[in-house]
Amino acid sequence: MTQTPKKQGEFYQRDRRWHPPAFDKDYKTSVARSPKLSLISLENTPSEITGPRFGHGDMTPIDNDLLSNYAQPDQSPIGERIIVHGRVLDENARPVPNTLVEIWQANAGGRYRHKKDTYLAPIDPNFGGCGRTMTDENGYYYFRTVKPGAYPWRNWVNDWRPAHIHVSVFGTGFAQRLITQLYFEGDPLVKTCPIVATIPDPEAVEQLIAKLDMNATIPLDTIAYKFDIVLRGRRSTLFENRLEGN
Amino acid sequence: MPQSLEYLKETPSQTAGPYVHIGLAPGAAGFQIYDQELGQDIAGPNAKGQRIRVEGLVIDGTGSPVKDVLLEVWQANADGVYPHPEHAGHESVEEGFRGWGRVITNFETGEWAFDTVKPGALMGRNGQMMAPHINLWIVARGINVGLNTRLYFDDEAEANAADPVINVIEWEKRRETLIAKRSERDGETVYRFDIRLQGDDETVFFDI
């Protein structure tokens, strides 16, 4: 493992210009759901430095295998079999071990197993569409699933979401909590999507595009994409900035 | 060119979307897949302190309930201690106290509720005590970056008045948006906490 400083301090402030703004007129649902007043900036207290912890007792080993975690015995979901793997790191490029990663997605036809999804593509009886895992001591995680399909959604009349997987990550402190979406290299819909376009900086968008990873592909079986996730980093407390209560 | 700082950039956020329940609360999406869904019991059976219920609505800028919202709760126990190795005294936290939970709405009405224990006050920065509070994180379709806020209790007026976080809020009128209102119902203590995303009485959200 990488060396860790003796004591870690506060989280680096979130770069709000790297993240999407709350309000984006082209992502219409954000218009009435975006605060208009400024966020109040808080220096970290123990309420932000700490956060929930999870363990292997919270899940079963099959939970990260979407090819089998909802399938009937000896059956598989329809679609392109893929591995999604990578590391959870912090902004100091240190691995974040033992943290919970959860994903959810549409099936290969672009349909979600959700009572509110009415898209005409069929439900796949062998696909639930969610998975979860803990990173290992090196921050590494992996899932096996099918590549999700694109699907239409109501924004402008003819909007289609690029193929994507939703990703939720915790880290060690509540201030690191993050939900994002993984897109796939080469998908032409990425450039057309108003939700992707909420992110102002094209370089930040690149960070959400998983790369085809032939070395991790299992020949004649499953193709692989690599997706690293970066959570907020923490200061080393070289000079004490008085954070009390710990 | 100067030397480069080899920091990474945080992965940018994207909305949790309308189907967040599939990933984080599949039972609510309409199917059973996991032996155990996470976040359904915040305090556990052994928690000390006062049992309470918290309920409310998340309301958008048109005044309508946000029916597909998901909230996460993070709180200390009744002694004001978080179950986390970096918080002093964490060894004393009751077995089974997670301090964390997931809250979903009634899809028809948008009403949500959770059961927990009332947290204790705890030390904040610079030796200043923070009043009892529950940290909330709010995600939904149309919310591009999860929103952080804090819930305080209206029966802690003295502690609230001295709370260093509440006092960071310049506008006294806005501080009230963080105070949950207590009532008694069928022998149960219930706190009401409506969250307004936008408009009159917009809730205070924090950049933590």
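Small disclaimer: the values here were computed from a predicted structure and weren't measured. (Residues numbered from 1 in each chain as written. Chains lettered and ligands numbered in written order. Predicted model: local features only at pLDDT ≥ 70, side-chain atom pairs only at ≥ 80, totals over all residues. Heavy atoms only, no water.)

Caption draft 1: View of the overall build of chain A. Helix and strand counts for chain A stand at three helices and 14 strands. Computed over its C-alpha atoms, the radius of gyration of chain A comes to 19 Å, within 12% of the 18 Å expected for a compact globule of 246 residues. Expressed as a percentage of the 246 residues in chain A, the buried residues total 56%. Partitioning the contacts of chain A with sequence separation of at least 6, the portion at a separation of at least 24 is 72%. Looking at charge distribution, chain A has the averaged site of its 30 positive side-chain charges lying 5 Å from that of its 29 negative ones. (Helix = DSSP H or I, 4+ residues; strand = E, 2+ residues; numbered from the N terminus. Rg over C-alpha atoms; globule rule 2.2 N^0.38 Å. Buried < 20%, exposed > 50% of the residue type's maximum accessible area, 1.4 Å probe, protein only. Contact = heavy atoms within 4.5 Å. Lys, Arg positive; Asp, Glu negative; His and termini not counted. Charge placed at Lys NZ, Arg CZ, Asp CG, Glu CD.)

Caption draft 2: Inspection of the interface of chain A and chain B at higher detail. Counting residues at the interface gives 95 residues for chain A, matched by 81 residues for chain B. Of the roughly 7800 Å² buried where chain A meets chain B, counting both sides, 57% is carbon and sulfur surface. The largest per-residue losses of area from chain A upon contact with chain B belong to R33, I40 and F174 of chain A, which jointly make up 11% of the total buried on that side. Across the contact surface, chain A and chain B share eleven salt bridges. Here E86 of chain B and R234 of chain A are joined by a salt bridge, their closest N and O atoms 2.9 Å apart. Applying the counting criterion to the chain A and chain B interface returns 49 residue pairs in polar contact (both at pLDDT 80 or more). For the side of chain A that touches chain B, a count of residues per class yields 40 nonpolar, 30 polar and 25 charged. Taken together, the two bridges between strand 2 (residues 40-41) of chain A and strand 13 (residues 206-207) of chain B define a ladder with parallel strand orientation. Within strand 13 of chain B, the residue paired with I40 of chain A across the bridge is F206 of chain B. (Buried area = accessible area lost by both parts, 1.4 Å probe. Salt bridge = Lys/Arg side-chain N within 4 Å of Asp/Glu carboxyl O. Polar contact = N/O pair within 3.5 Å; in protein donor to acceptor, adjacent residues only side chain to side chain. Nonpolar A, V, L, I, M, F, W, Y, C, P; charged D, E, K, R; others polar. Pairing = 2+ DSSP bridges.)

Caption draft 3: Representation of the pattern of salt bridges within the structure. All names here are of chain B. Tallying each qualifying case throughout the model produces 33 salt bridges over all chains. A salt bridge links K118 to E156; the nearest nitrogen and oxygen atoms lie 2.8 Å apart. A residue pair is termed long-range when its members are at least 10 positions apart, and K118 in the loop between strand 5 (112-117) and strand 6 (122-123) and E156 in the loop between strand 9 (147-153) and helix 3 (157-162) qualify at 38 residues.

Caption draft 4: Structural view of the environment of P35 of chain A. Relative to the elements of secondary structure, P35 of chain A occurs in the loop between helix 1 (29-33) and strand 2. In this structure, the C-alpha to C-alpha distance between P35 of chain A and H164 of chain A, residues 129 residues apart in sequence, is 26 Å. Beyond its immediate sequence surroundings of up to four residues, P35 of chain A is in contact with A22 of chain A together with L147, L197, E202 and F205 of chain B.

Caption draft 5: Looking closely at the nonpolar core. Judged by nonpolar contacts, the single largest core of 82 residues is most densely connected at W104, V167 and F227 of chain A together with F206 of chain B. In terms of residues, this core owes the most to one element, strand 10 (residues 178-184) of chain A, which gives five residues. With near-sequence residues (within four places) excluded, V167 of chain A lies in contact with V101, E102, I103, L178, I179, T180, L182, F227 and I229 of chain A. Counting residues in each nonpolar core, the second largest holds 25 residues, with I52, L71, V73 and L151 of chain B among its members. (Core = buried A, V, L, I, M, F, W, Y, C linked by side-chain atoms within 4.5 Å.)

Caption draft 6: How the structure looks around the packing of aromatic side chains. Considering all chains together, one arrives at 15 aromatic pairs over all chains under this definition. With 4.9 Å between their ring centres and 90° between their planes, F54 of chain A and W100 of chain B make a pair best called edge-to-face. In this pair, F54 of chain A is assigned in the loop between helix 2 (46-49) and strand 3 (81-90) and W100 of chain B in strand 4 (residues 100-104), connecting two distinct chains. Among the residues examined, F54 of chain A registers a relative accessible area of 11% and is labelled buried. Arranged with centres 4.8 Å apart and planes meeting at 75°, the rings of F153 of chain B and Y191 of chain B form a pair that is edge-to-face. Remark: Y191 of chain B occurs in strand 11 (residues 188-192) and F153 of chain B occurs in strand 9; sequence separation between them is 38 residues. Y191 of chain B gets classed as buried once you look at its relative accessible area, which sits at 0%. Members of the aromatic cluster, joined through ring pairs, are F54 and F170 of chain A together with W100 of chain B. Positioned above the aromatic ring of F31 of chain B, the side-chain terminus of R113 of chain A is 5.9 Å from the ring centre. The ring centre of W18 of chain A lies 5.0 Å from the NZ or CZ of K9 of chain B, which sits over that ring. (Phe/Tyr/Trp six-rings, centres within 6.5 Å; stacked < 30°, edge-to-face > 60°. Lys NZ or Arg CZ within 6 Å of the ring centre and 35° of its normal.)

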